[in-house]
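Listed here are the chains, written in short residue letters.
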Amino acid sequence: MRHYYHHNNPITLESGASLPELTIAYDTFGEINDDRSNVVWVMHALTADSDVADWWPHTVESGKFLDPDKWFIVCANVLGSCYGTTGPMSTNPETGRPYFDSFPDVTVRDMVMCHRLLAKHLDIERIHTIVGSSLGGFQAIEWLVTEPEIARRAILIATDYQCRPWLAAINKSMYMAIEADGTLGEQRHDAATKGLAAARAIGLLSYRGQSAYDTTQADKGDEHKPFERRVHSYQAYQGKKLCDRFDVYSYLKMCRSTDSHDIARGRMSAEAALARVKARCLVVAISSDILFPPAYHHELAAMLPDATYREIDSEFAHDGFLIEHDKLNSIISSF
């Protein structure tokens with residue numbers, strides 16, 4: 001069920017910029033028990049929303065790891081997105097118009113600040129399990145370090161404790177595609193859609209990887225033409241699909257938030273920061289993930305005080321965390 005929390009006081013972001021007010025869109029599933037001990041908090045990935053049952057198939061079901069008969073599941077749309085939480089398409093109360101490109105940059109720590117505000121509003125002092133994949137994992141790690149007592153357990157999937165040069169390079173390539181669209185900067189909801197579509201096509205390469213493309217997008221029989229490939233239409237379709245549901249200014253803020261991610265910033269070192277984590281952690285890698293390869297997860301698990309490493313064998317690369325729900329349910333349920 002979709003809810004909205006309206007925080008009517010100003011908030012100050014890590015950059016020093018401020019927002020005069022804040023709205024957080026969030027969905028809940030199941031019922032909270034009497035001692036409020038059955039909370040599972042899910043953080044979503046880059047362009048998802050708070051309806052985890054919609055974007056993470058076969059997880060919010062009876063008998064699955066997000067079982068609404070057992071858990072009270074909370075998923076909040078992140079700051080800077082376009083699915084109900086304050087972001088570039090929100091109305092700036094000081095101007096009466098959408099923020100568009102004047103919306104300030106948002107860090108992962110700013111997102112976690114909003115999660116903490118929502119938890120306080122919901123009178124949740126302790127979370128049984130925090131779950132985060134990709135950008136959601138960034139937030140989960142940051143929250144565990146910022147507030148070490150917040151969770152008993154944490155599940156960190158296809159993620160990392162920092163934005164490495166490889167991810168930052170992919171982001172920059174997307175920014176360059178967007179900046180090549182001459183309508184960027186125009187104060188309208190459909191600005192720079194051609195640039196956004198191109199950026200999404202670039203990003204998708206890192207989400208799916210070579211094996212998934214070769215398996216699912218191979219030309220078949222008489223489909224093959226010298227200069228027209230099945231995968232060409234797939235890339236164009238995926239770009240348009242994102243433009244139909246997202247805007248360029250929110251996309252830029254979401255991607256730039258991943259650039260900001262570094263658990264060591266202001267904390268001496270990543271080892272010192274992660275040593276603060278009190279939760280028992282499950283770190284799950286996807287075997288073919290080229291965005292966050294298994295080696296990153298081994299490193300993360302080694303630096304956490306109490307962590308178990310598991311790996312899912314999949315040809316679907318980073319997107320395997322969305323597709324391999326049966327394997328994921330098996331691993332997480334046993335944890």
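Here's what I pulled together on the structure shown here. (Residues numbered from 1 in each chain as written. Predicted model: local features only at pLDDT ≥ 70, side-chain atom pairs only at ≥ 80, totals over all residues. Heavy atoms only, no water.)

1. Considerations on unusual backbone geometry
- For F100, which is not glycine, the phi dihedral falls at a positive 50°.
- Under the relative-accessibility criterion, F100 is labelled buried at 2%.
- If you check the backbone angles, D123 has positive phi at about 60° while not being a glycine.
- Owing to a relative accessible area of 45%, D123 belongs among the partly exposed residues under this scheme. (Buried < 20%, exposed > 50% of the residue type's maximum accessible area, 1.4 Å probe, protein only.)

2. Describing the side chain of H128
- Along the chain, the position of H128 falls in strand β9 (residues 127-133).
- Setting aside residues no more than four positions away along its own chain, H128 makes contact with S37, V39, W71, R152 and R153. (Helix = DSSP H or I, 4+ residues; strand = E, 2+ residues; numbered from the N terminus. Contact = heavy atoms within 4.5 Å.)

3. Some points on helix α11 (residues 325-334)
- Regarding α11, the residues found buried are H325, L328, N329, I331 and I332.
- Residues of α11 that are buried make contact with β10 (151-157), β11 (280-286), β12 (307-312) and α10 (320-323).

4. Notes on the sheet that holds strand β1 (residues 2-7)
- Pairing within the open sheet is mixed, and its eight strands lie in the order β1-β4-β6-β5-β9-β10-β11-β12. In this open sheet, the two strands that pair with only one neighbour each are β1 and β12. This sheet shows a mean twist of 20° between the axes of neighbouring strands, independent of strand direction.
- With six bridges joining them, β9 and β10 adopt parallel strand pairing. Counterpart to S133 in the pairing with β10 is I157. (Pairing = 2+ DSSP bridges. Axes fitted to C-alpha atoms, helices over the stretch in contact; angles between N-to-C directions.)

5. Side note on the pairing of β11
- The buried fraction of β11 amounts to six of the seven residues, a majority that puts the element mostly inside the structure.
- Here β11 pairs with β12 via six bridges, running parallel. Counted as the bridge partner of C281 is A307 from β12.
- Chirality of the crossover, the property in question, places the unit of β11, helix α9 (residues 294-303) and β12 among those that are right-handed. (Right-handed = clockwise from strand over helix to strand, strands pointing away.)

6. Observations regarding the pattern of salt bridges
- According to the stated counting rule, one finds 16 salt bridges in the structure shown.
- One salt bridge connects R265 with E14, and the closest N-O pair in it is separated by 2.8 Å. Placement of R265 in the loop between α7 (248-259) and α8 (270-274) and of E14 in the loop between β2 (11-12) and β3 (18-19) is noted, with a sequence separation of 251 residues between them.
- Since its relative accessible area comes to 36%, E14 is described here as partly exposed.
- Across the salt bridge formed by R256 and D105, the nearest N and O atoms sit 2.9 Å from each other. Of this pair, R256 sits in helix α7 while D105 sits in the loop between β8 (97-98) and α2 (108-121), placing them 151 residues apart in sequence.
- The class of D105 is partly exposed, set by a relative accessible area of 32%.
- In the salt-bridge network here, residues are joined through shared partners; they are E14, R109, E142, R265 and R267. (Salt bridge = Lys/Arg side-chain N within 4 Å of Asp/Glu carboxyl O.)

7. Some remarks on the packing of aromatic side chains
- All told, the structure shown has ten aromatic pairs when counted by the stated rule.
- Ring centres of W56 and F65 lie 5.4 Å apart, and the angle between their planes is 80°; on these two criteria the pair is classed as edge-to-face. Residues W56 and F65 agree in their burial class; the two are buried.
- Plain terms: the ring middles of Y213 and Y234 are 6.0 Å apart, the flat faces sit at 85° to each other, and that makes the pair edge-to-face. Of the two residues, Y213 sits in helix α5 (residues 193-216) while Y234 sits in helix α6 (residues 230-243), which places them 21 residues apart along the sequence. (Phe/Tyr/Trp six-rings, centres within 6.5 Å; stacked < 30°, edge-to-face > 60°.)

8. Topic: the environment of E186
- Counting through the fold element by element, E186 comes out in the loop between α4 (165-179) and α5.
- In this structure the side chain of E186 is engaged in a polar contact, spanning 2.6 Å, whose partner is the side chain of R188. (Polar contact = N/O pair within 3.5 Å; in protein donor to acceptor, adjacent residues only side chain to side chain.)

9. A word on the packing of α4 against α5
- Here α4 crosses α5 at 160°, and the two axes come no closer than 7 Å. It follows from the interaxial angle that α4 and α5 lie roughly antiparallel. For α4 against α5, the interelement crossing comes out right-handed. Contacts between α4 and α5 involve I170, S173, M174, A177 and I178 from the first element and G195, L196, A198, A199, I202, G203 and S206 from the second.
- In the contact of α4 with α5, the residues fall into eight nonpolar, four polar and no charged. (Parallel < 35°, antiparallel > 145°, perpendicular 65-115°, else oblique. Left-handed = near helix turned anticlockwise from the far one by under 90°. Nonpolar A, V, L, I, M, F, W, Y, C, P; charged D, E, K, R; others polar.)

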